[in-house]
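What follows is the residue order along each chain.
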Amino acid sequence: MDWPHCSLWLLPNLAFALSQHARAGVDSPAHMLPHELVGEILRLVGARELTHQAVLMCIGGVTDPSLHRGHLASVEGLLLAFAGSSLERYHAIRGLPPLLRPRTFHTASASGRSVLVVGGRSASHALAPELLRVGAQCRAGEREPPAGSALLGWNDVEHHLRGSAWRPCPMLEVEPEPEAALSSGARERASAVTLSDGCILVMGGLGEKLEALANCWLYDPASTDGTWRAAAAMSDARCDFGA
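This section reports on the structure supplied with the text. Keep in mind it's a predicted model, so treat the numbers as computed, not measured.

Rules used in this analysis
- Residue numbering note: each chain is counted from 1, following its sequence as written.
- Reporting of local features is limited, given that this is a predicted model, to residues whose pLDDT is at least 70; pairs of side-chain atoms are given and counted only at 80 or more, and all residues count toward the totals for whole chains, interfaces and linings.
- For side-chain calculations, the full set of non-hydrogen atoms in the structure is used, while hydrogens and water are omitted.
- When accessible area is computed with a 1.4 Å probe and restricted to protein chains, residues below 20% of their type maximum are described as buried, those above 50% as exposed, and intermediate ones as partly exposed.
- By the criteria applied, helices consist of DSSP H or I runs no shorter than four residues and strands consist of E runs no shorter than two, each listed in order from the N terminus.
- Any Lys or Arg side-chain nitrogen located within 4 Å of an Asp or Glu carboxyl oxygen qualifies as a salt bridge.
- In this description, strands pair whenever DSSP reports at least two bridges between them.
- Angular values range over 0 to 180 degrees, each being the angle between N-to-C directions of two axes fitted as lines to C-alpha atoms, with helices fitted over their stretch in contact.
- Contacts described as polar in this section are N or O atom pairs within 3.5 Å, which, within protein, must combine one atom able to donate a hydrogen with one able to accept it, while residues neighboring in sequence count only if both atoms come from side chains.
- Note on definitions: a residue-residue contact is assigned when non-hydrogen atoms from the two residues lie within 4.5 Å.
- Aromatic rings from Phe, Tyr and Trp, taking only the six-membered ring of Trp, are treated as a pair when their centres fall within 6.5 Å; an angle between ring planes under 30 degrees marks them as stacked, one over 60 as edge-to-face, and anything in between as tilted.
- The rule for a charge over a ring is simple: NZ of Lys or CZ of Arg within 6 Å of the ring centre, and within 35 degrees of the ring normal.

Leu37, Val38, Gly39, Ile41, Leu44 and Val45 are the residues of helix α2 (residues 35-45) that are buried. Taken from the residues just after α2, Gly46 is the one with a positive phi, measuring 55 degrees.

And the structure:
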């Protein structure tokens, strides 16, 4: 399947902010969005070479950020149009599939047509990862294109999301090393990055007992068994860091 050139960008924890300021089916100028949301979008863009359009997904979060309550499972979306290096207009997308569990303090990473949400916290405890695969799945052994390549086109987004749903994606290995402590991968305030080969590397965070973690995991969205593998641990346990 050929996809028109359009980047997919993700912002975890901002679904509520987006839902309050973007009406479905309305093509609006960028200044109608709150300054903090535009700032997050521009920080996400950074030094990337801009295409003329992008799809933004805001995933989960809370309705009351000051008290970290009102945890959300909702996923909101925008089609963004750029002029030069500036955000010019946006158009709200509705009907995106919700997360299985409401959460905040999670990461969200894209690789090809897969979106991986790692960890986060509900009202009472840390949560395991979830995976969304948009549209048709890859054939066995076929590598999905890395994030930022030809991915989603505006006319295809809602059509392909209708048949998509989040599913559990626990951090388990098929043949774990004896010294690797296996768990569901429940964690919060971790860091995640999509590598050049399409794999997603998850690093550190806080565990279920709020202990800082040094372990790292790799997930390959193109794998046929949908499992993780342990990566080399960091020299120090840490959380709330960039990568």
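In this section: the pattern of salt bridges. For the structure on display, the rule yields 6 salt bridges. Arg121 is paired through a salt bridge with Glu188; the nearest N and O atoms lie 2.3 Å apart. Taken together, the residues span a long stretch of sequence, with Arg121 in the loop between β7 (114-118) and β8 (130-133) and Glu188 in the loop between β9 (166-168) and β10 (191-194) at a distance of 67 residues. The pair Arg121 / Glu188 is uniform in exposure class, with both members buried. Note that Glu188 is salt-bridged to Arg189, the shortest N-O span being 3.6 Å. Look at the salt bridges and you will find they share partners, linking Arg121, Glu188, Arg189 and Asp240 into a network.

In spatial order, the strands read β10-β11-β12-β13; together these 4 strands make up an open sheet with antiparallel pairing. Here the strands that pair on one side only, and so sit at the sheet edges, are β10 and β13 (228-231). Each strand of the sheet is rotated relative to its neighbour by a mean of 25 degrees, with strand direction disregarded. Across 4 bridges, the pairing between β10 and strand β11 (residues 200-203) is antiparallel. Counterpart to Ala192 in the pairing with β11 is Val202.

With that out of the way, let us pick up the side chain of Arg103. Summarising the element assignment, Arg103 is placed in the loop between β5 (86-93) and β6 (107-111). A relative accessible area of 1% means that Arg103 is categorised as buried. Engagement of the side chain of Arg103 in a polar contact is seen with the side chain of Glu130, the distance being 2.6 Å. Look past the residues within four positions of Arg103 in its chain and what remains in contact with it is Asn13, Gly60, Gly61, His71, Leu72, Val117, Gly119, Arg121, Leu127, Ala128, Pro129 and Glu130.

The residue Glu130 is located in strand β8 in this model. A polar side-chain atom of Glu130 sits 2.8 Å from the main-chain amide nitrogen of Leu100. Here the side chain of Glu130 touches Arg101 through a polar contact of 3.1 Å, landing on its backbone nitrogen. Non-local contacts of Glu130, meaning those with residues more than four positions away in its chain, are made with Leu99, Leu100, Arg101, Arg103, Val115, Leu116, Val117, Trp166, Arg167 and Cys169.

Between two aromatic rings, the relevant description is the distance of the centres plus the angle of the planes. All chains considered together, the criterion is met by 2 aromatic pairs. Pairing Tyr219 with Trp228 gives two aromatic rings, centres 5.0 Å apart and planes at 50 degrees, and the pair type is tilted. Of the residues examined, Tyr219 reaches a relative accessible area of 0% and is grouped as buried. For Trp228, a relative accessible area of 3% gives the class buried. Above the plane of the ring of Phe241 lies Arg238, whose end atom (NZ or CZ) is 5.9 Å from the centre.

This brings us to the pairing of β8. Neither face of β8 is exposed, since Glu130 and Leu132 on one face and Leu131 and Arg133 on the opposite face are all buried. Judged from the 4 bridges that link them, β7 and β8 form a sheet pairing that is antiparallel. Paired with Val117 across the bridge in β8 is Glu130. Of the strand pairs in this sheet, β8 and β9 are connected by 3 bridges, and their pairing is antiparallel. Opposite Leu132, over in β9, you have Trp166 as the bridge partner.

Once that is clear, we can look at the environment of Thr227. Structurally, Thr227 is set in the loop between β12 (216-219) and β13. Residue classification places Thr227 among the partly exposed positions, given a relative accessible area of 22%.

This part covers the sheet that holds β9. Taken together, 4 strands build an open sheet; the order of strands is β6-β7-β8-β9 and the sheet is antiparallel. Of all the strands in the sheet, the pair left with one neighbour each is β6 and β9. On average, each strand axis in the sheet is tilted by 25 degrees relative to the strand beside it, whichever way the strands run.

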